[in-house]
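# Working through the structure, step by step
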Amino acid sequence: MRRWMIVVALLAFATALAASCSPGYVLRAGWEEARILAGRQPIETALDDTTISPELRGKLDLVRSVRVFAERRLGLDAGSSYRSFTALDRDTLVMVVSAAPELELRWKTWWFPIVGHLPYKGFFDFEAARREAEALEAEGFDTYVRPSAAFSTLGWLPDPVLSPSLRGDSLSVAETVIHEITHTTWFPKGHTRFNESFANFVGHAGAIEFFCDALADPVSCARARERWHDVRVFGRFFQTLHDPLAELYASDAPPDAKRLRKREIIEDAAARFRDEVSPELRGDRYRALDPEQIDNAWLLSRLLYYTRLDDFDALYRRYGTVKATLGAVTEATDGGDPWVAVDRLVGTGPLEAADGAQTAPGT
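In this text the structure is predicted, and so the values were computed from the model without any measurement. (Residues numbered from 1 in each chain as written. Predicted model: local features only at pLDDT ≥ 70, side-chain atom pairs only at ≥ 80, totals over all residues. Heavy atoms only, no water.)

Moving on to the overall build of the protein. Regarding its fold elements, the protein presents 13 helices and 10 strands. The 363 residues of the protein split such that 52% are buried. Long-range contacts, defined here as pairs at least 24 residues apart, represent 75% of the contacts in the protein between residues at least 6 apart. Here the protein has roughly 16900 Å² of accessible surface; of this, 52% comes from carbon and sulfur atoms. (Helix = DSSP H or I, 4+ residues; strand = E, 2+ residues; numbered from the N terminus. Buried < 20%, exposed > 50% of the residue type's maximum accessible area, 1.4 Å probe, protein only. Contact = heavy atoms within 4.5 Å. Areas by Shrake-Rupley, 256 points an atom, 1.4 Å probe, with all protein chains shown as cover.)

So, in structure tokens, the structure goes:
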């Protein structure tokens, strides 16, 4: 029965991919997903396995606790996900390719059934990811290739927790689990930036509630609050880099002049991050930025996860809990544009974020 379930699941998975991807891409994705599903074991079984290190068993126990907390206290629906564990033979699950035109702040997107257009494409074949990026660069795109340790099939398959997702500290593990379960719970089609940014908020705020309230762990609680502060500082910085570039690209300047000014804006931003933004950070998670690594694809990939986090934080402070905030935003959206719903909830006046920063609709 388990074999047939995997076959049926993979047929559905491959059919969804086939509408927009090459046969080779579909076959590799289906094969890797089959390996993930076939290799999983219930978390309870893994916890009894003495061949697994105590550190890994501790993180699996944490996943189990966070999953229960996410459903009972945060109002999330994990479905059949994160009940099992699969150990992979590599540290990176997939390589994710993103792209944007050299002189436009506009994503290159790929269309997929169910979820619509997405501004990234994941590759289990790392060499194929490199070839995809090179082909896009030859077409004049800025490209960004990054590793990823987790993904969600949005409840279509029983996603196990994967060993690469457990390489981080306990706080990162909790944030990842809650982030991915948020996608399973609610994923408005065609609104990728909202989905990722909102899940980023829920992951961090949910981790704060887990460590501060459920566990009453003062050290982890303080670190969770510190990390959420830094994430929002980082998000504000990305917006200040986005705005002058958007203005430049909309101007009538010739392409060569735009390229020169683009480089100047990026170098100025990297210096500003070092001198002004970095001292505001409370943790050591974010390092200095290398201007040679920054381009449109890099920036948009960051904004995908860091858009309007202060607005989400302000609503969180208004409603008091993740569950209440989630309920308010989903109800206000009611099948429409979630960003419009956020605008409506925030209202016309500024709201105060947790660190005193002022945020207004659309900022």
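Let us look at the pairing of strand S7 (residues 141-148). Within S7, 6 of the 8 residues are buried, leaving the element largely enclosed by the surrounding structure. Sheet topology places strand S3 (residues 94-101) next to S7; 8 bridges connect them, and they run antiparallel. Within the sheet, the bridge partner assigned to Val 97 lies in S7 and is Val 145. (Pairing = 2+ DSSP bridges.)

Quick look at unusual backbone geometry now. Positive phi is not limited to glycine here, since Ala 216 has a value of about 50°. Relative to the helices and strands, Ala 216 resides in the loop between helix H7 (192-214) and helix H8 (218-250). Residue Ala 216 is classed as exposed on the basis of its relative accessible area, which comes to 55%. Positive phi, normally seen in glycine, also occurs at Asp 334, with a value near 45°. Take Asp 334: it is sitting in the loop between helix H12 (322-333) and helix H13 (338-346).

So, on to the sheet that holds strand S2 (residues 84-86). The sheet built from 3 strands is open, its strands ordered S1-S2-S8 with mixed pairing. Either end of the sheet is taken by a strand with one partner, and the two such strands are strand S1 (41-42) and strand S8 (161-162).

This part is about the pattern of salt bridges. For the structure on display, the rule yields 26 salt bridges. As a salt-bridge pair, Asp 89 and Arg 90 come within 3.6 Å of each other at their nearest N and O atoms. A relative accessible area of 62% means that Asp 89 is categorised as exposed. (Salt bridge = Lys/Arg side-chain N within 4 Å of Asp/Glu carboxyl O.)

In contact at an axis separation of 10 Å, helix H4 (residues 54-72) and helix H6 (residues 170-185) are set at 40° when each is read in the N-to-C sense. Classified by the angle between their axes, H4 and H6 sit oblique to one another. When the axes of H4 and H6 are compared, the crossing they make is right-handed. Here H4 contributes Lys 59, Leu 62, Val 63, Val 66, Arg 67 and Ala 70 to the contact with H6, which in turn contributes Ser 170, Val 173, Ala 174, Val 177, Ile 178 and Ile 181. Taken together, the residues that form the contact of H4 with H6 break down as 9 nonpolar, 1 polar and 2 charged. (Axes fitted to C-alpha atoms, helices over the stretch in contact; angles between N-to-C directions. Parallel < 35°, antiparallel > 145°, perpendicular 65-115°, else oblique. Left-handed = near helix turned anticlockwise from the far one by under 90°. Nonpolar A, V, L, I, M, F, W, Y, C, P; charged D, E, K, R; others polar.)

This next bit is on empty space enclosed by the protein. For the coordinates displayed, the defined rule picks out 1 cavity of 30 Å³ or more. Its volume calculated, the largest cavity comes out at about 80 Å³. Looking at the largest cavity, the residues that line it are Glu 33, Ile 36, Tyr 82, Leu 93, Ala 149, Ala 150, Phe 151, Asp 159, Pro 160, Leu 162 and Ser 165. Taken together, the residues of the lining of the largest cavity break down into 8 nonpolar, 1 polar and 2 charged. (1 Å grid on protein atoms, 1.4 Å probe; cavity = no way out; pocket = protein on both sides within 12 Å on 5 of 7 lines; lining within 4 Å. Points joined across faces, edges and corners; volume = space filled by probe spheres on them.)

On to the sheet that holds S7. Spatially, 3 strands are ordered S6-S3-S7 in an open sheet, and the strand pairing comes out antiparallel. Edge strands, defined here as strands with exactly one partner in the open sheet, are strand S6 (121-123) and S7. Averaged over all adjacent pairs, the angle separating strand axes in this sheet is 25°, with direction ignored. Most of the contacts of helix H5 (residues 126-138) go to S3, to which it runs at about 5°, and overall it touches S3, S6 and S7.

Let us now look at the state of the cysteines. The full count for this structure, using the stated rule, is 1 disulfide. For Cys 212, the disulfide goes to Cys 221, at an S-S distance of 1.9 Å. Of note, the bridge from Cys 212 to Cys 221 carries an S-S torsion of about 95° and is right-handed in sense. For the residue pair Cys 212 and Cys 221, the accessibility class agrees, reading buried in each case. (Disulfide = S-S within 2.5 Å.)

Purely geometric numbers; function is a separate question.
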